[in-house]
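Results of the structural survey
Now for the letters of each chain:
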Amino acid sequence: MTGSDPAVPQPAACQLEPKFVLGMIAAEYKAAVASHPPMASAHEGYAVLLEELDELWAEIKQPEGRRNPWAMMREAVQVAAMAVRFIEDVCLKQLGAGTERNEIAPEQIRKEAAAHGLPGIDA
């Protein structure tokens with residue numbers, strides 16, 4: 001029988017508030033900003049994300065009985081934090097290029113993000 005068989009009891013999932021998980025990501029993001037310079041380009045950002053994703057993949061590839069959920073969580077948090085950093089260092093910088101002080105106003109970001117179908121953005 002497989003783990004998805006309804007006749008096989010499944011372990012209960014731990015339910016965390018999204019703000020707890022987002023808090024871990026924010027803390028990792030802040031630590032990275034404090035210790036590393038901004039991503040200089042989309043290519044560099046991709047390389048950083050790929051490195052973090054490879055580290056998560058290394059944890060996932062462990063035999064199921066030896067997988068460490070804390071190590072997988074740590075690596076997943078790092079992937080998410082670097083994705084946030086990519087958005088800030090690469091995407092928002094590029095959107096602000098050519099504007100006064102190379103910045104784009106938050107209200108403009110919200111409007112444009114909603115127009116581009118990004119979820120959770122109120123115009």
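Residues numbered from 1 in each chain as written. Predicted model: local features only at pLDDT ≥ 70, side-chain atom pairs only at ≥ 80, totals over all residues. Heavy atoms only, no water.

1. With respect to the packing of helix 2 (residues 42-60) against helix 3 (residues 69-96)
Note the threshold: Convention adopted: a line fitted to C-alpha atoms gives each axis, helices being fitted over their contacting stretch, and angles between N-to-C directions are expressed from 0 to 180 degrees. The numbering of helices and of strands both runs from the N terminus, where a helix is a DSSP run of H or I of at least 4 residues and a strand a run of E of at least 2. If an angle is under 35 degrees, it is roughly parallel; if it is over 145, roughly antiparallel; if it lies from 65 to 115, roughly perpendicular; otherwise it is oblique. Here a residue-residue contact requires only that any non-hydrogen atoms of the pair lie within 4.5 Å.
Packing of helix 2 against helix 3 brings their axes to within 8 Å, and their N-to-C directions diverge by 170°. One way to sum up the angle between helix 2 and helix 3 is to call them roughly antiparallel. Contacts between helix 2 and helix 3 involve A42, G45, Y46, V48, L49, E52, L53, E55, L56, E59 and I60 from the former and A71, M72, R74, E75, A76, Q78, V79, M82, A83, F86 and V90 from the latter.

2. Some points on the side chain of R85
One can find R85 in helix 3. Ignoring sequence-local partners within four residues, the contact set of R85 consists of Y29, A32, V33, H36, P37, P38, M39 and V90.

3. Topic: the nonpolar core
The condition is simple: Note on terminology: a nonpolar core comprises buried Ala, Val, Leu, Ile, Met, Phe, Trp, Tyr and Cys residues joined through side-chain atoms within 4.5 Å. Throughout this description, buried means an accessible area under 20% of the type-specific maximum (1.4 Å probe, protein chains only), exposed means over 50%, and partly exposed covers the range between.
In terms of nonpolar packing, the biggest core is built from 9 residues, these being I25, Y29, A32, M39, L49, V77, A81, M82 and V90. Listed by contribution, the elements that provide at least two residues to this core are helix 1 (18-35) and helix 3. Per-element accounting of this core gives the leading share, 4 residues, to helix 3. A32 has contacts with M82 and R85, leaving out every residue within four places of it along the chain.

4. Here we look at the side chain of E52
Put simply, the test is: Residues scored as charged are limited to Lys and Arg (positive) and Asp and Glu (negative), so that His and the chain ends carry no count. By definition, a salt bridge exists where a carboxyl oxygen of Asp or Glu is found within 4 Å of a side-chain nitrogen of Lys or Arg.
Looking at the secondary structure, you find E52 in helix 2. Buried charge without a partner: E52 forms no salt bridge, and the closest opposite charge is R74, 7.9 Å away. In this structure E52 touches E75, Q78, V79 and M82, once residues within four positions along its chain are discounted.

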